Each structure stands twice: as C-alpha cells, then as structure tokens.
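Chain by chain, the residues:
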Amino acid sequence: MNTHHAVSNTAPGPLRTISRTVTGVETSDGAGVRLRRLIASPELDMLDPFLLLDVFRSDDPDDYIAGFPPHPHRGFETVTYLLAGRFRHRDSAGHEGVIRAGGVQWMTAGSGIEHSEMPEQEQGLLYGFQLWVNLPAADKMIPPRYQEIEAGAIPQERHNGCLVRVIAGTTAQGTTGAVQAIAARPTYLDVSLEAGHRFDQPVPAGHTAFIYVIEGELAIGATRVTADMLAVLGDGEQLTAHAVGNARFLLVAGQPFNEPVARQGPFVMNTAAEIQQAFTDYRDGLFGHIGD
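Residues numbered from 1 in each chain as written. Predicted model: local features only at pLDDT ≥ 70, side-chain atom pairs only at ≥ 80, totals over all residues. Heavy atoms only, no water.

Enquirer: For this particular structure, what's the right way to read the sheet that holds strand 12 (residues 145-149)?
Expert: Sheets are built from strands paired through backbone hydrogen bonds, the pairs being either parallel or antiparallel. Pairing is antiparallel across the open sheet formed by 7 strands, whose spatial order is 2-3-4-11-6-9-12. Each edge of the open sheet carries a strand with a single partner, namely strand 2 (25-29) and strand 12. Neighbour-to-neighbour, the strand axes of the sheet open up by a mean angle of 20 degrees, direction not taken into account. Note: strand 9 (residues 104-108) against strand 12, 5 bridges, orientation antiparallel. In the sheet register, Thr 108 faces strand 12, and the bridge partner there is Arg 145. (Pairing = 2+ DSSP bridges. Helix = DSSP H or I, 4+ residues; strand = E, 2+ residues; numbered from the N terminus. Axes fitted to C-alpha atoms, helices over the stretch in contact; angles between N-to-C directions.)

This is the structure:
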C-alpha cells in the first residue's frame, strides 16, 4: 500500500484505533422520513458530547417528502449536512433558508426554538446527515443562533490523493473549518481518499471521535470498515486511515462534557425537572411558533 500522506509540523502522538463498529437501525422520524439511526440507537445510546446521528438517503420521495414539520428544540445543537438534495428550513424567529447539497447548517438551539425542515424537492436523491451535539449546562439557555454555510464556502484542501472538506476543526495542514465558536470544540471533516493513499489527522487526546464510512473501505490499524458503518475510535492523539479502494468518510470528534444528561424527545437538559420545564415553556409559547 502506498504511503502518500500529509506532512504535519508536529510529531504524531499515540494512534487511535477502532474500539467498536455500529451499523445502526432503520427507523423513521419527523412526519415519516425513513432513516438509519447510528447514535441514539439500541446499539449506541450516545457518545458524549454526541447525542444522535441519523443518515437519510433515498431517491424514493415517499421516504422523505413529508419532511420534518414544526418541532421545538432546547439545550443542544443540530447539525444538518447534505450530500444530495435540498431542505428548506424555517423557524419561530422568522429565519428561513435552503440547505443545498454540500452545505451545512449548525443550529444552536440553546434556550429554545421551533423550526421545520422540509424537502425542497419532489423527486430525486435526498442524502444527508443529522448530528445532535450536546451543550454544557452553562450554555443550555443561551440565545439560539445559526451558522449556515453554503457548499462553496466550506474550506477545502487537496494533497496526495486526498480531498478534505473542513466543516469544523483544523486539519494537519492548518486549514480551519467554516463553523466556529462551538462549546464542544468539534472536528467535522468530509474526507475523500484515493485507493492506496493515507490520511493523517491529529485528534485531541480525550476527545470522543468516530468515523462514518460513506463509500469504499478503510483500514485503521488492523481493522477494516466498509460503507455505511460507524467506527468508534479509542483515545489517542492521531488518526491514520488507509484507503483500501477509493473511499469517502466523515471524521467527527468533540470534547465530552461529562455531565448528567436528561433527554426526552426534542429537549436535552441535565435534570428531569429541566425537561419538564422545557415542555411547560414550549406549551406556554415561550419558544415562539412558526408563523407567529
């Protein structure tokens, strides 16, 4: 196997290896959107600070056309990253826009917001990911905010058979992602790697990290992972991944908060009492409602 790779300015630390793999469960959410749930599933409840990871991919409109009608969130962040298709989103603060293929929306729900995500298409492929990222107790009631980045505004780097789209974090080459100022200090990379090449990336020690293989096959240490698999990485300071064939994958990492997690439906807080308060506040109209 060739060893073309990026050259880092620092010596590599301990390598991360795969601690377990997950294939997820088929389910539906919203108004019946079919998807595969990898985190927040019977296989994998959560990976602090990551609360949920859904993959939705279909060219059958019946699987997605009903979308995600208005629903509230409080206490965490939702990250929507599209590979194909379009979603129109609206919220109770009057914010509206379209997420297109290659674009990302990082929504910090904070103290509470109602929003909807509906397909902006009636046919064709819809393919993307939704990741939920927790907020620490100190930030759960901050004002809601958005970071929306169109495909063309996401930094990219190419080197030695590797194309990296940098949504969040900083690469070994020093490219910094489009999404900034997130409590979990995340890394979120979309990596395309040609067969026989290798990808090296520092990942801070202590950060939770996983890989999701979009296509192809990767070798990480002695373990191989193939398309549609999530691989949880053990601790370390460096990831080295070899492409067995042409491969594409997401690398996601973040700082765990190590706090109590209470969650029910669209709310994620630290205590059951805070969850009940969220339901009361939403019922009382404190989040606002779309169209108000």
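So much for the structure itself; the text now carries on.
Enquirer: I'm lost on the packing of aromatic side chains in this one. Help?
Expert: In this description, a pair of aromatic rings is defined by centroid distance and the angle of the planes. Here the structure, examined in full by the defined rule, presents 12 aromatic pairs. When the centroid spacing of 5.6 Å and the interplanar angle of 75 degrees are considered together, the rings of Phe 56 and Phe 87 count as edge-to-face. Residue Phe 56 is found in strand 4 (residues 50-58), and its partner Phe 87 is found in strand 7 (residues 86-91); the two are separated by 31 residues along the sequence. On the accessibility criterion, Phe 87 (2% relative accessible area) is buried. Both rings, one in Phe 68 and one in Phe 87, keep their centres 6.1 Å apart while their planes meet at 55 degrees; by these two values the pair is tilted. Here Phe 68 is found in strand 5 (residues 68-73), whereas its partner Phe 87 is found in strand 7, with 19 residues between them in sequence. A connected cluster of aromatic rings, assembled from ring pairs, spans Phe 267, Phe 279, Tyr 282 and Phe 287. One residue, Arg 57, lies across the ring of Tyr 127, its end atom 4.9 Å from the ring centre. (Phe/Tyr/Trp six-rings, centres within 6.5 Å; stacked < 30°, edge-to-face > 60°. Buried < 20%, exposed > 50% of the residue type's maximum accessible area, 1.4 Å probe, protein only. Lys NZ or Arg CZ within 6 Å of the ring centre and 35° of its normal.)

Enquirer: Looking at this structure, I do not really get the side chain of Glu 114. What am I missing?
Expert: Assignment of secondary structure puts Glu 114 in strand 10 (residues 113-119). In this structure, Glu 114 is buried with no salt-bridge partner, the nearest side chain bearing the opposite charge being Arg 90 at 8.6 Å. At a separation of 2.4 Å, a polar atom in the side chain of Glu 114 contacts the side chain of Tyr 282. (Lys, Arg positive; Asp, Glu negative; His and termini not counted. Salt bridge = Lys/Arg side-chain N within 4 Å of Asp/Glu carboxyl O. Polar contact = N/O pair within 3.5 Å; in protein donor to acceptor, adjacent residues only side chain to side chain.)

Enquirer: So what exactly am I meant to see when it comes to unusual backbone geometry here?
Expert: Leaving glycine out, the prevailing phi sign among residues is negative, and the prevailing peptide bond configuration is trans. Asp 48 connects to Pro 49 through a cis peptide bond whose omega is 15 degrees. The backbone phi angle of Ala 181 is positive, close to 55 degrees, even though this residue is not glycine. Backbone geometry at Arg 185 places phi at a positive 50 degrees, although glycine is not the residue there. Within the element layout of this structure, Arg 185 appears in the loop between strand 14 (162-168) and strand 15 (187-193).

Enquirer: Is there a simple way to think about the sheet that holds strand 19 (residues 223-226) in this case?
Expert: Strand order across the open sheet formed by 4 strands is 16-21-18-19, with antiparallel pairing between neighbours. The open sheet is flanked by strand 16 (198-202) and strand 19, the only strands paired with a single partner. Between one strand axis and the next, the sheet turns by 25 degrees as a mean value, whatever way the strands run.

Enquirer: Quick question: what am I supposed to make of the pattern of salt bridges here?
Expert: Close approach of charged atoms allows side chains with opposite charge to pair. Inspection of every chain in the model, using the stated rule, returns 16 salt bridges. A salt bridge links Asp 228 to Arg 57; its shortest N-O distance comes to 3.0 Å. Here Arg 57 lies in strand 4 and Asp 228 lies in the loop between strand 19 and strand 20 (230-233), a separation of 171 residues in the sequence. We classify Asp 228 as partly exposed; its relative accessible area is 24%. Its relative accessible area of 41% is what places Arg 57 among the partly exposed residues. Note that Glu 120 and Arg 88 form a salt bridge whose closest N and O atoms lie 3.0 Å from each other.

Enquirer: When you look at the pairing of strand 6 (residues 76-84) in this model, what are you seeing that I'm missing?
Expert: Taken residue by residue, a regular strand's side chains alternate between the two faces of the sheet. Among the 9 residues in strand 6, 9 count as buried, and that is most of the element. In the sheet, strand 6 pairs with strand 11 (residues 126-134) via 8 bridges, with the strands oriented antiparallel. Residue pairing across strands places Thr 78 opposite Trp 132, the latter belonging to strand 11. Where strand 6 lies against strand 9, 5 bridges are found, and the strand directions are antiparallel. Following the sheet pairing, Val 79 is matched in strand 9 by Trp 106.

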